Amino acid sequence: VPRLSDYSAIVHVRHDGSTWSVGGLHLILHNSSQPARVSAVAPRALPVSARDVVEVSGINFFPAESSQLRCVFARPPHASGTATAADTDGAGTTTSTAATFVSESLLRCAAPGWSAVGTAVVAVSFDGGSHVSAAGGGAALTFYDPSAPPAIYSAEPPYAEVHASTRIILHGSNFAPASGGAPL
């Protein structure tokens, strides 16, 4: 079976020992001993309450029964905290939405819409939510309120040289993407 990637192949058959079938079947190769892993989500930010379609990229995805294929969104107990994909103990908020299989590396699902700003870790489940992809892994989806200004809590480093170019990391809430996706 010639592989297209680690997770898919095109299957052809011969019935007479010399003539191959026309076309071929795209076969998804799923490694059940390895968890699916989420590497990115697009878009990376949405307004609060948005239920837009997001694309979840990763590896080892497979076309599970449609009722079992889910995107899992985990939020920390406080908007400024950090969530994990396995945050189901009640300390934070975890919800899931139905997902659509696109390929072994892409799923689509609707964002759940949140009532407060903050970041959710996005993971996937192929069994209705009982098990999620790579606990502690995932990709971040930030929810912001376009009607409110951002808040800055701290900066790293807390100082910079006047005549030097210094990268500063700002910590806060309600950060939104810049117009046209340009860096701030």
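All of the points below concern the structure found in this document.

## Observations concerning the pairing of strand 7 (residues 70-75)
Among the 6 residues that make up strand 7, 5 are buried, leaving the element largely enclosed by the rest of the structure. Bridge count for strand 7 against strand 10 (residues 118-125) is 5 bridges, and the pairing is antiparallel. Each residue of the ladder has a partner; that of valine 72, found in strand 10, is alanine 123.

## Some thoughts on a nonpolar patch on the surface
A cluster of nonpolar residues, Ile152, Ile168 and Leu170, forms a patch on the protein surface that exposes about 280 Å² of accessible area. Within the fold, isoleucine 152 resides in strand 12 (residues 151-156). Judged by its relative accessible area of 55%, isoleucine 152 falls in the exposed class.

## Looking at the pattern of salt bridges
The full count for this structure, using the stated rule, is 1 salt bridge. Arginine 108 is the salt-bridge partner of glutamate 55, the closest N and O atoms lying 2.7 Å from each other. Of this pair, glutamate 55 sits in strand 6 (residues 53-59) while arginine 108 sits in strand 9 (residues 106-110), and the two are 53 residues apart along the sequence. Given a relative accessible area of 30%, glutamate 55 falls into the partly exposed group. Look at arginine 108 and you get partly exposed, because its relative accessible area is 34%.

## Considering the layout of surface pockets
Of the pockets and cavities examined, the second largest pocket occupies roughly 160 Å³. Around the second largest pocket, the lining comprises 13 residues; the ones closest to its centre are Pro35, Ala36, Phe62, Phe126 and His131. Of the residues contributing to the lining of the second largest pocket, the split by class is 6 nonpolar, 6 polar and 1 charged.

## Structural notes on the packing of aromatic side chains
Across all of its chains, the model carries 3 aromatic pairs by this definition. Here phenylalanine 61 and phenylalanine 126 contribute two aromatic rings whose centre-to-centre distance is 6.1 Å and whose plane-to-plane angle is 50°, an arrangement assigned as tilted. On the criterion of sequence distance, the pair formed by phenylalanine 61 in the loop between strand 6 and strand 7 and phenylalanine 126 in the loop between strand 10 and strand 11 (139-144) is long-range, its members being 65 residues apart. By relative accessible area, phenylalanine 61 is classed as buried at 1%. With relative accessibility at 15%, the residue phenylalanine 126 sits in the buried group.

## Here we look at unusual backbone geometry
Trans peptide bonds make up most of the peptide bonds, and negative phi angles are found at most residues other than glycine. Alanine 42 connects to proline 43 through a cis peptide bond whose omega is 0°. Along the chain, the position of proline 43 falls in the loop between strand 4 (37-42) and strand 5 (45-47). Of the consecutive residues glutamate 156 and proline 157, the connecting peptide bond is found in the cis state with omega at -10°. Structurally, the position occupied by proline 157 is in the loop between strand 12 and strand 13 (169-173). A positive phi angle, close to 70°, is found at serine 49, a residue other than glycine. You can see serine 49 is positioned in the loop between strand 5 and strand 6. Take serine 49: its relative accessible area is 49%, and that puts it in the partly exposed class.

Here is what the cut-offs are and how they apply
- Residues numbered from 1 in each chain as written.
- Predicted model: local features only at pLDDT ≥ 70, side-chain atom pairs only at ≥ 80, totals over all residues.
- Heavy atoms only, no water.
- Buried < 20%, exposed > 50% of the residue type's maximum accessible area, 1.4 Å probe, protein only.
- Helix = DSSP H or I, 4+ residues; strand = E, 2+ residues; numbered from the N terminus.
- Pairing = 2+ DSSP bridges.
- Patch = residues over 30% accessible without salt bridge, like charges linked within 9 Å, V, L, I, M, F, W, Y side chains within 5 Å.
- Areas by Shrake-Rupley, 256 points an atom, 1.4 Å probe, with all protein chains shown as cover.
- Salt bridge = Lys/Arg side-chain N within 4 Å of Asp/Glu carboxyl O.
- 1 Å grid on protein atoms, 1.4 Å probe; cavity = no way out; pocket = protein on both sides within 12 Å on 5 of 7 lines; lining within 4 Å.
- Points joined across faces, edges and corners; volume = space filled by probe spheres on them.
- Nonpolar A, V, L, I, M, F, W, Y, C, P; charged D, E, K, R; others polar.
- Phe/Tyr/Trp six-rings, centres within 6.5 Å; stacked < 30°, edge-to-face > 60°.

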